[in-house]
Amino acid sequence: MQQKNDSLGYTRIRRVAPIAVNTHGGRAKCLQRLVRLDLPVPETVALSFDAVRSLADGKALDISALLKVFGNTPLLIVRPSSEDPDWGGPGAMLNIGMNDVRHAELTQIYGDEAADALYLRFVQSYAIHIERLDPEEFETDSGTSTRQALKDALDAYENETDEPFPQEIEVQLIKVLRSMARAWSGTTARLLRQAKGAPADAGLGLIVQTMSFGVGPGECGAGVIQLIDEETGAPLVRGRYKRQALGRDALADQSDVMYLTKDKRGPSLETDCPALFDHLSEITQLCRAKLREEMQVEFIVEQGKLAVLDAVRVPRSTRATLRSAVQLAEDGIIPTSEALLRIPPRSLTELLHPQIDPAAERSVFAKGIAASPGGAVGRLVFSSAAAQLSEARGEACILARRETAPEDIRGMHSSVGVLTERGGVTSHAAVIARGMGVPCVVGASMTINSRKKTITSANGETLHEGDMITLDGSKGEALIGETKMLPPFKDRWYLQLMEWADAIRDIGVRANADTPADAAMARDFKAQGIGLCRTEHMFFEGDRLTVMREMIFAATDEDRREAISRLLPMQRSDFIELFRIMQGQPVCIRLLDPPLHEFLPSNRAGAKELAEALDMPLSDVTRRIEWLSEFNPMLGMRGVRLGITFPQIYEMQARAIFEATIEASKLGDPVVPEIMIPLVSAMREVELVKTLVDGVAAAVRNEKGADFTYRLGVMVETPRAALRAHEIAQHSAFLSFGTNDLTQMAYGLSRDDAGRFMNTYVQQGVFPEDPFHTLDVDGVGELLTIGAARGRQASPNIVLSVCGEHGGNPESIAFCRAAGFDYVSCSPFRVPVARLAAAQLVAAESKVSPK
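Keep in mind that this is a model prediction, so the values were computed, not measured. All residue numbers here refer to positions counted from 1 along the written sequence of the relevant chain. The predicted nature of this model means local features are confined to residues of pLDDT at least 70 and side-chain atom pairs, given and counted, to a pLDDT of 80 or more, with totals for whole chains, interfaces and linings taken over all residues. Side-chain measures were taken over the full set of non-hydrogen atoms in the model, leaving aside hydrogen atoms and water.

Some details on the packing of helix α19 (residues 492-504) against helix α34 (residues 831-846)
Phase 1 of the analysis: Between the N-to-C directions of two axes lies an angle of 0 to 180 degrees, each axis being a line fitted to C-alpha atoms and, for a helix, fitted only over the stretch in contact. Here a strand is any run of E in DSSP of at least two residues, a helix any run of H or I of at least four, and the numbering for each starts at the N terminus. It is at 8 Å that the axes of α19 and α34 come closest, and there the two elements cross at 55°. Our classification of the angle between α19 and α34 gives oblique. Crossing angle aside, the handedness with which α19 passes α34 is left-handed. Residue-level contacts link Y494, L497, M498, A501, D502 and I504 of α19 to P832, R835, L836, A839, V842 and A843 of α34. Each angle gets one of four labels, with under 35 degrees taken as roughly parallel, over 145 as roughly antiparallel, 65 to 115 as roughly perpendicular, and the rest as oblique. Each crossing is labelled by how the near helix is turned from the far one, with a counterclockwise turn of less than a right angle marking it left-handed and a clockwise turn marking it right-handed. Contact between two residues is taken to exist if any of their heavy atoms lie within 4.5 Å; hydrogens are not considered.

Some details on the environment of A400
Phase 1 of the analysis: For A400, the location among the structural elements is in strand β16 (residues 397-401).
Phase 2 of the analysis: Relative accessible area decides the class of each residue, using a 1.4 Å probe on protein chains only: under 20% of the type maximum gives buried, over 50% gives exposed, and in between gives partly exposed. On the accessibility criterion, A400 (0% relative accessible area) is buried.
Phase 3 of the analysis: Along the primary structure A400 and A387 are separated by 13 residues, whereas in three dimensions their C-alpha atoms are 9.8 Å apart.

Examining empty space enclosed by the protein
Phase 1 of the analysis: Definitions used throughout: a 1 Å grid over protein atoms alone; a cavity as a set of points that fits a 1.4 Å probe which cannot get out; a pocket as an open set with protein on both sides within 12 Å along at least five of seven lines; a lining residue as one with an atom within 4 Å of a point. Grid points are joined across faces, edges and corners, and a volume is the space filled by probe spheres set on the points. Scanning the model with the defined rule gives three cavities of 30 Å³ or more in all.
Phase 2 of the analysis: The calculated volume of the largest cavity comes to roughly 90 Å³.
Phase 3 of the analysis: I409, H413, I432, G435, M436, N512, D514, T515, D518, R534 and H537 together form the lining of the largest cavity.
Phase 4 of the analysis: Mapped onto the lining of the largest cavity, the elements with two or more residues apiece are α17 (409-414) and α18 (428-436).
Phase 5 of the analysis: The leading source of residues in the lining of the largest cavity is α18, at three residues.
Phase 6 of the analysis: Empty space within the second largest cavity amounts to approximately 50 Å³.
Phase 7 of the analysis: In terms of lining, the second largest cavity is formed by I77, R79, L94, Q209, T210, M211, S212, L246, G247, E298, I300 and L309.

Some thoughts on the state of the cysteines
Phase 1 of the analysis: Throughout, disulfides are identified as pairs of cysteine sulfur atoms within 2.5 Å of each other. A full pass over the atoms with the stated rule returns zero disulfides.
Phase 2 of the analysis: Not part of a disulfide, C30 finds its nearest cysteine sulfur in C287, a span of 7.0 Å.
Phase 3 of the analysis: In this structure C397 is not part of a disulfide, and its nearest cysteine sulfur, from C440, lies 14 Å away.

Describing the pairing of strand β8 (residues 235-243)
Phase 1 of the analysis: For two strands to count as paired, DSSP must find a minimum of two bridges between them. As paired elements, strand β7 (residues 221-228) and β8 share seven bridges and run antiparallel to each other. Bridging across to β8, A222 finds its partner in K242.
Phase 2 of the analysis: Where β7 folds back onto β8 in an antiparallel hairpin, the turn is made up of six residues, including G233, whose phi is positive at roughly 85°.
Phase 3 of the analysis: Sheet analysis places β8 next to strand β9 (residues 257-259), joined by three bridges and oriented antiparallel. What sits directly across from R240, in β9, is Y259.

Describing the confidence of the model for the protein
Phase 1 of the analysis: Confidence scores labelled pLDDT are given residue by residue by the predictor and lie between 0 and 100. Per-residue confidence for the protein gives a mean pLDDT of 90; residues scoring 70 or more make up 97%.
Phase 2 of the analysis: Across residues 1-7 the pLDDT falls below 50, and counting only partners more than four positions away or on other chains, this stretch makes 14 contacts in the model.

Here it is as structure tokens:
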């Protein structure tokens, strides 16, 4: 018979009791499901979120009515029941109701030692966790008998509180319930669960359950059982059983613990009690099938009879979570759409990068912003040259810079990790590191002295060049010394999940790839083409950088064209290799974007070296560098402005693309390159560049006697381009929204400097999130929506995409899909994240299950 009394604040758990995860918590709902499976669950009552909030506020609860559910002289256990088990909660409290009378009764049943131990354990837990007394007062000296320890604990309680230990179960229970309710509502607990994704007002339910004793005559004990390995997800029976024990003693205390299955290392439940083991295995398999999850079952054996106290989702690694979801789907227990929804997209980065072993000791040197995930171990270096030398010697290194510049790219390629003192999640170091798949921490709490080649932490510790450090790009930490690493995993379970994802998602996912190595990585991660190839990164290699600088310092147009003619075969070979790797898939190439001064040295030593290479006076080189420098380079002569001012550069790049198209098409499917004009703000800019590109295409067709097609589009990075998209679209095959720069210009905020105050802004509610990390759907999103609508109005078949770092963000993908974008593009290592996130949007809407 159902018993429910909302006015009293509790619900007796029965088959048809009104228990829900969002009103009583996940543990309460799980226990109800166990009851519905006719499993031997002790009598249980659930307190709702509202009842627990009332307790925390000091309101009354009819304890006497609640206790009537449990009959005469019960001993009880109270457990937390939050909406999501990952949010945690107060620890369980066992043996509530233990007093002098009950102790005497249990002595007759179980003997002195067992009864004394039960009473002592309760007194200690109650004093420390409920009354908040000094734990040292309740420590037990070695050699002291349990009976004497119990007497000492009761005396200590009375001395500390000036009251004898409470004997009434009503007093004990209400204090336990109120203490746990208030612990949940405390500031520390709230911040901890918010860090795990819980809302600030997340509720807590409480479970009150009859104690089952794993102590006494006959076969008695307590244990836990699960059917998978928590690290790999592989199927196996795992757990522990301890005789004469309570609760989770088998996990907390490893002395005298038995294995569940037959084991050479010691006794096992399967050997000693085969019928009991078989029954326990059947129950756990039933829980897996009916609860549709890999469960860890907590059980008690009392005089040979089995009782199930609880069942929770097996705590496990990302790798095990993924394998479990896929296996449950393959076993027909859950649909594939649900398997997709069970994997947080961002967790895939843990599988695709080397990671620091969670069990390893961590000696944190500095903390910063987690800019690119994964772990790496290497020796500290402070310059690109040192990084390249280290790579040549076969030594792993981590590049430390105040902030990186384009000239550091070679050093970044030679490093296994990047650490910077400045910058945010979309700083130069962060963007390039993510594209390369290299761990990166930016904005770290440290001071770099490049001259002395040292790093000093916030607490005064100093590291020198050559010291070994570990970088955790997933947590944003630099660690002292070499830390144990775990290799990346991309097994059949991962491949199956991604196959299911690709079968239902309805928005494309491309990769940002600047080099052939990036393209190969993108192809490996099943990107549907390259959505952004930043050609400037191709010019920072040693020989190319020299020619680029010669072009910049050319005194006449003839000299400039001569230098550019030497860059042509280099660009052409790069594009041929890109097209070969991405054969049959689109490749979108952005014409040169950064200002020319980024290709020049930033210090006197570099200027002197350049003067020697060009055989020019140092004063002339210095003046030229100063002339090219700008007060605000982000808003200066870059992008299309550079191409219109120095058209020879874009002419060379267009020729290289078209000649590479002809060559690569001979190797397989015809190549259709996409050419993207950066930093456009006016229709006339597009008209000028289109005329130039079309002219080069005609010339190459005539010279080579070969035909080809191409698509010309615009990178929408300025607010004006978004607002005038209907004009720009008339001359464009596609509009690709570069949300990094668009966010900067919409906010009037430098992404490289935002890290200095962004945490303060988020904490004080100025911004809900860092807009460079999560797309600002209200402001920047409105620009995207306006641009997309106006672009489609002028050209209904125009292709729309996002190619900023937001393209790999699950929340941003949801926005882009809703706004009708055709694809997103992100760094190669974020492609799997984007693929899964896109599939989850469809799965959540329709629960599609591909065959």
